[in-house]
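Structure assessment
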Amino acid sequence: MEPNPRNSVDLNPSGIKVQGTACVSGIVYGPVRWAHHRPDLPVSGELIPEDERQTEYERLLAAVDTVARRFRERADATGGEAAEVLRANAVMAADPAWSKNAKKAISAGHPADVAAVRATAKFSGMFASLGGVMAERITDLEDLRDRIIAEIRGEPEPGLPSISEPVVLLAEDLSPADTATLEPAKVLALVTMRGGKTSHTAIIARQLGLPCIVGAGRELSRFQDGTTVLVDADQGVLHSGVDPEAARAAMSAAAEHTRRITRWEGPAHTTDGHRIKLLASVTSVASAQQAAATQAEGIGLFRTEIPFLKARREPTVVEQSQIYAEVLAAFPGRKVVFRTFDAGSDKPLAFLDMAGEDNPALGVRGLRVAEGHPSQLQNQLDAISLASAESGGQVSVMAPMLTTVTEAENFAILCRERGLSPGAMIEVPAAALMADLILPHLDFVSIGTNDLTQYVMAADRMSPELAELADPWQPAVLRLIRHTCREGQRLGTPVGVCGESAADTLLACVLAGMGVSSLSPAAGALSAVGEQLSRVSMAACQRAAEAVVQAATAQQAREVAAHLLDVPGAR
Ligand code: PEP
Ligand code: MG
């Protein structure tokens, strides 16, 4: 096993250590600063006289106007995604339904700041019950409330401190307004108590290229303004009490690690020459072309629904085949896997006009849509077949959300009739459990660990509250993956992985040890996975694969794998 350059650094911190969710990687060292505290929220007190209520409402509206105007001005002064976020906030501030609710509270005699709290609580409650991405908007809503309250009281706007030297910015959760206006040159890293990988803090940090940890919890408040910390955003850890020399060594080891990744040339193999195919996961012609500029050996997952998410009518066979042909052209003669439309749930296709469902993740989605719209699946397969006729490459098609043996049998017939190689995503636990009977109908399968995890753990993949459960390192998920791999090996059917876990460098080694023959991370993560595989032996991967399924928790699985593979990846 080759030494990992980052293992040579012993941080040996004597101070506080706080763990969060790693979002944007990087290692930095510097003093912390907290974003401005939010105003104390009013408790409903004395009622105001009836003849003053109209003036009170006007005071509230004036504050709302000022807050919305500031957002618009900041949007004009910023660009890109940040400006869009700020404009969306300006619109949210001016929402008539919110003002109507606040007016109701004022008409009942409550002062303007209490009315702001009540109106916001009503909408936060609604957003929380919707869950997922909507629940993450609660931070935006509460940010608006705090700004409006500060304005009503004539207090300074809450948010970022004025910063003169580069700092590690800590906050409960940064609002879009905060993140959009911060000066990246003065911020070394962002660390928040709340938020998940899809929160605004994470999105903006990614855009600005700032190392970022989210969801660090209440423990974060143990760091005081001015404390010097080492932020290891690769592992999601924040330490105080790190010796400056050790911090410098950690930063230069991280820089060396990045250099090794950049220099990695592919193709991927372990130290003992065991090959793992690294294919890219793409969502459009442009991302396929970008992937072609990396070490990707082909495409392991093209999410075909993404280019058509907003289409008002079903794209014709010719329209579809033009896009598919361009994707094939990016990898001439190479393996390309088209996943048929995974419509429904988090990816509704406008043209399918699907009925609303109470529980869409468990509803009509993926291959199940074909039951009610058979021609749509047939048209798509015709389009892929048309595009493949000119390509000369190895064109494979896989079905999303395949659940039963009968579905596998029928899907395979439709593909083979068109000269396409049939496969399926294994992302429903039933399909993994029935692998012995499903695989014989197919040429290959690819494990979709995002959905497999959500369904095995009964935990919404979008929910920041359930991130610990919705973790592919959960041993229950790993056991099903191993089961699928074993069946694949027994039956001679290649098993790949195309969920986000294919981009987790430590898990990639474990998956290789389980017998996965291809991994399909996003193109940006491909070199890091390949470089990691180049430093481990297949025997070590197999030992790690055996050990993780015996672990009791996700954390233990990570730790034992990190130990056996000599990778500093346990969190
Ligand atoms: C998955 O579920 O792991 C997957 C790759 O599909 P998607 O993320 O598009 O649902
Ligand atoms: Mg999926």
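The name an unreviewed UniProt entry gives the protein chain is Phosphoenolpyruvate-protein phosphotransferase, with Corynebacterium occultum as the organism. What UniProt records for the protein chain under Cofactor (unreviewed entry) is the sentence "Mg(2+)".

Here we take up the UniProt feature "binding site: Mg(2+)" (unreviewed entry) in the protein chain. Residues given the UniProt feature "binding site: Mg(2+)" (unreviewed entry) here are Glu427 and Asp451. Spatially, the listed residues are clustered: although they cover 25 residues, their C-alpha atoms lie within 5.3 Å of one another. Of the annotated set named above, Glu427 and Asp451 line the largest cavity. Judged by its relative accessible area of 2%, glutamate 427 is buried. If we skip the residues at most four places from it in the chain, glutamate 427 touches Pro400, Met401, Gly448, Asp451, Leu452 and Tyr455.

As a further point, take the packing of aromatic side chains. Tallied over the full model, the rule gives five aromatic pairs. Summarising the aromatic geometry, the rings of phenylalanine 302 and tyrosine 324 are spaced 6.3 Å apart at their centres and angled 80° between planes, so their arrangement reads as edge-to-face. On the criterion of sequence distance, the pair formed by phenylalanine 302 in strand β11 (residues 298-303) and tyrosine 324 in helix α11 (residues 317-330) is long-range, its members being 22 residues apart. Each of the two residues, phenylalanine 302 as well as tyrosine 324, counts as buried.

Let's shift gears to the pairing of strand β3 (residues 27-34). Of all eight residues in β3, six are buried, a share of seventy percent or more. Two strands pair when backbone bridges link them, and β3 and strand β7 (residues 228-232) are joined in this way by five bridges, in the antiparallel orientation. Looking at the pairing, tyrosine 29 lines up with leucine 230 of β7. Sheet topology places β3 next to strand β4 (residues 167-171); three bridges connect them, and they run parallel.

It is worth spelling out the domain arrangement of the protein chain at this point. The domain architecture assigned to the protein chain consists of domain 1 (9-35 + 160-253), domain 2 (50-153) and domain 3 (269-565). Relative to domain 3, the C-alpha centre of domain 2 lies at a distance of 42 Å.

The protein atoms that coordinate the magnesium ion (ligand 2) are Glu427 (OE) and Asp451 (OD), at distances of 2.0 to 2.1 Å. One end of the pair, glutamate 427, is in the loop between β14 (421-426) and α15 (429-433); the other, aspartate 451, is in helix α17 (residues 449-457), and 24 residues separate them in sequence.

Before going further, it helps to spend a moment on the environment of leucine 452. Relative to the helices and strands, leucine 452 resides in helix α17. For leucine 452, a relative accessible area of 0% gives the class buried. Linking leucine 452 and alanine 430, residues 22 residues apart in sequence, is a C-alpha distance of 9.8 Å. When near neighbours in sequence (up to four residues on either side) are disregarded, leucine 452 contacts Ile426, Glu427, Val428, Pro429, Ile447, Val477, Leu480 and Ile481.

Taking 1.5 Å of rise per residue, the 25 residues of helix α1 (residues 53-77) would be expected to cover 36 Å, and the 36 Å separating its terminal C-alpha atoms lies within 8% of that figure. Along α1, the residues classified as buried are Arg53, Glu56, Tyr57, Leu60, Ala63, Val64, Thr66, Val67, Ala68, Phe71 and Ala75.

Conventions used here
- Sequence positions are assigned chain by chain, starting from 1 and proceeding in written order.
- Written order decides the labels, with chains lettered from A and ligands numbered from 1.
- Note on the predicted model: pLDDT of at least 70 is required for a residue's local features to be given, and 80 or more for side-chain atom pairs to be given and counted; whole-chain, interface and lining totals, by contrast, use all residues.
- Note that the side-chain values use all heavy atoms of the structure and ignore hydrogens as well as water.
- UniProt positions are given in the numbering used here, feature names are shortened, and annotations may be inferred rather than shown by experiment.
- Of the grid points, spaced at 1 Å and generated over the protein atoms alone, those admitting a 1.4 Å probe that cannot get out make up cavities, while open sets with protein on both sides within 12 Å along at least five of seven lines make up pockets; any residue with an atom within 4 Å of a point is treated as lining.
- When a residue's accessible area, from a 1.4 Å probe over protein chains only, is under 20% of the maximum for its type it is buried; when over 50% it is exposed; and in between it is partly exposed.
- Should any heavy atoms of two residues lie within 4.5 Å, those residues are counted as being in contact.
- Stacked, tilted and edge-to-face pairs are distinguished by plane angle, under 30 degrees for stacked and over 60 for edge-to-face with tilted covering the rest, among Phe, Tyr and Trp rings (Trp via its six-membered ring) whose centres lie within 6.5 Å.
- Going along the chain from the N terminus, every DSSP run of H or I of four or more residues is numbered as a helix, and every run of E of two or more is numbered as a strand.
- Strands are treated as partners if at least two bridges between them are detected by DSSP.
- Where each domain begins and ends follows an automated or database-derived domain assignment.
- Distances decide who is a donor: an N, O or S atom must be within 2.8 Å of the metal, or within 3.2 Å for Na, K and Ca. Water is not included, so sites may look incomplete.
- A helix is expected to span 1.5 Å for every residue after the first.

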